[in-house]
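A structural walkthrough
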Amino acid sequence: MLNKRIVSLLVIAAIFAMAIPFAATAADAPGGCVTCHTGDKAIPAMLTKVKGHPNVTKLIKSVPDGCAMCHKAGAPKAPTLSVAIHSVHKVAKDVKAAAIKGDCLTCHSADGKIKKAPSNW
Ligand code: HEC
Ligand code: HEC
Ligand code: HEC
């Protein structure tokens, strides 16, 4: 009886531990993308939602800078990295006019640069 309760508490704790990183805020998203996108929300899994996206699982060693091999100005099909990433996260379009603060800081550091980290998959 007691054991069952402990087990179910552990299960609940584990679910929270998985859910929290995905709702990370600026202060606790030090690695940017890979801080939120862990486990079954890792970037390759997320990219399967983008219709027709090439499989880049083995190609990318660092995110998001590695993605720029295709996502760059002048590429024939891929939008620039800022357009692609802002649009899927519903960041307002007119970013140039906006200050880097609040939720922007989950991906950007205060100086406007992009946080990057080794791939976590
Ligand atoms: C603060 C947490 C957070 C950070 C940081 C973050 N994401 Fe996301 N991302 C999300 C959430 C939430 C969604 C939407 C999840 C869903 O639709 O299930 C999402 C969706 C995505 C998708 C799926 C797009 C689609 O078409 O559904 C991709 C790809 C993605 N993110 C890549 C990235 C990359 C690359 C970075 C870093 C530049 C990044 N994310 C940073 C939380 C985050
Ligand atoms: C080999 C080239 C290539 C690489 C590497 C690549 N992409 Fe893409 N990506 C594309 C192409 C091409 C499209 C457009 C797909 C289409 O519309 O058919 C795209 C589309 C997207 C979109 C959808 C944008 C939108 O507005 O709907 C997201 C998000 C995205 N890529 C994220 C990423 C991330 C994150 C990485 C790195 C982990 C990455 N891509 C690496 C080629 C690439
Ligand atoms: C989910 C991650 C994410 C969030 C949240 C985010 N950005 Fe970005 N942003 C990016 C990425 C990735 C790039 C492309 C960096 C590169 O090309 O090296 C970018 C590029 C930019 C650029 C330079 C390119 C351009 O489009 O002009 C500006 C300015 C910018 N972001 C402002 C903002 C502001 C303001 C916010 C908050 C309202 C914000 N961003 C939120 C990921 C994000």
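1. A closer look at the overall build of the chain
Helix and strand counts for the chain stand at four helices and two strands. Put simply, the chain runs from its N terminus to its C terminus through helices and strands in the order α-α-α-β-α-β. For the chain, the proportion of its 121 residues judged to be buried stands at 8%.

2. Quick look at the site of ligand 2
Contacts to ligand 2 come from 22 residues, most closely from Gly52, Cys67, Cys70, Ala78 and Ala84. At the level of secondary structure, the elements contributing two or more residues to the shell around ligand 2 comprise helix 3 (43-47) and helix 4 (81-88). A total of three residues in the shell around ligand 2 trace back to one element, the largest contributor, which is helix 4. Taken together, the residues of the shell around ligand 2 break down into 16 nonpolar, five polar and one charged.

3. Thoughts on the site of ligand 3
In the neighbourhood of ligand 3, 18 residues make up the surrounding shell, with Ser82, Val95, Ala98, Cys104 and Cys107 lying closest. The residue makeup of the shell around ligand 3, split by class, is 11 nonpolar, five polar and two charged.

4. Looking at unusual backbone geometry
The peptide bond linking Val63 to Pro64 adopts the cis configuration, its omega dihedral lying at 0°. Mapped onto the fold, Pro64 is located in the loop between strand 1 (62-63) and helix 4. Positioned with a positive phi, Lys90 is a non-glycine residue whose angle comes to about 55°.

5. What to know about the nonpolar core
Formed by Cys33, Val34, Cys36, Ile43, Val63, Cys67 and Cys107, the largest nonpolar core amounts to seven residues. It is helix 2 (residues 33-36) that contributes the most residues to this core, three residues altogether. Not counting residues up to four positions away in its chain, the partners in contact with Cys67 are Ile60 and Leu81.

6. Considering the environment of Asp40
Relative to the elements of secondary structure, Asp40 occurs in the loop between helix 2 and helix 3. The exposed category is assigned to Asp40, around which 8 C-beta atoms lie within 10 Å.

7. Points about the environment of Ala68
Structurally, the position occupied by Ala68 is in the loop between strand 1 and helix 4. A residue is classified by how many C-beta atoms lie within 10 Å of it, and Ala68, with 14 of them, is partly exposed. Measuring from C-alpha to C-alpha, the distance between Ala68 and Leu81 comes to 6.4 Å, with 13 residues separating the pair along the chain.

About the cut-offs
Numbers given for residues are sequential positions, taken from 1 along each chain in its written order. Naming scheme: in the order in which they are written, chains are lettered from A and ligands are numbered from 1. This being a predicted model, a pLDDT of at least 70 is required before a residue's local features are given, and a value of 80 or more before pairs of side-chain atoms are given or counted; all residues contribute to the totals for chains, interfaces and linings. What counts as a helix is a DSSP run of H or I of at least four residues, what counts as a strand is a run of E of at least two, and both are numbered from the N terminus. Three exposure classes are used, based on other C-beta atoms lying within 10 Å of a residue's own C-beta, which is placed from the backbone: buried for 20 or more, exposed for 12 or fewer, and partly exposed in between. The criterion for a residue being near a molecule or strand is a backbone-placed C-beta atom within 6 Å of that molecule or strand. Residues are grouped as follows: Ala, Val, Leu, Ile, Met, Phe, Trp, Tyr, Cys and Pro are nonpolar; Asp, Glu, Lys and Arg are charged; every other residue, Gly included, is polar. Nonpolar core, as used here: buried Ala, Val, Leu, Ile, Met, Phe, Trp, Tyr and Cys residues forming one set through C-beta atoms within 7 Å. For the purpose of contact definition, each residue receives a C-beta atom placed from its backbone, and two residues are in contact when these atoms lie within 7 Å.

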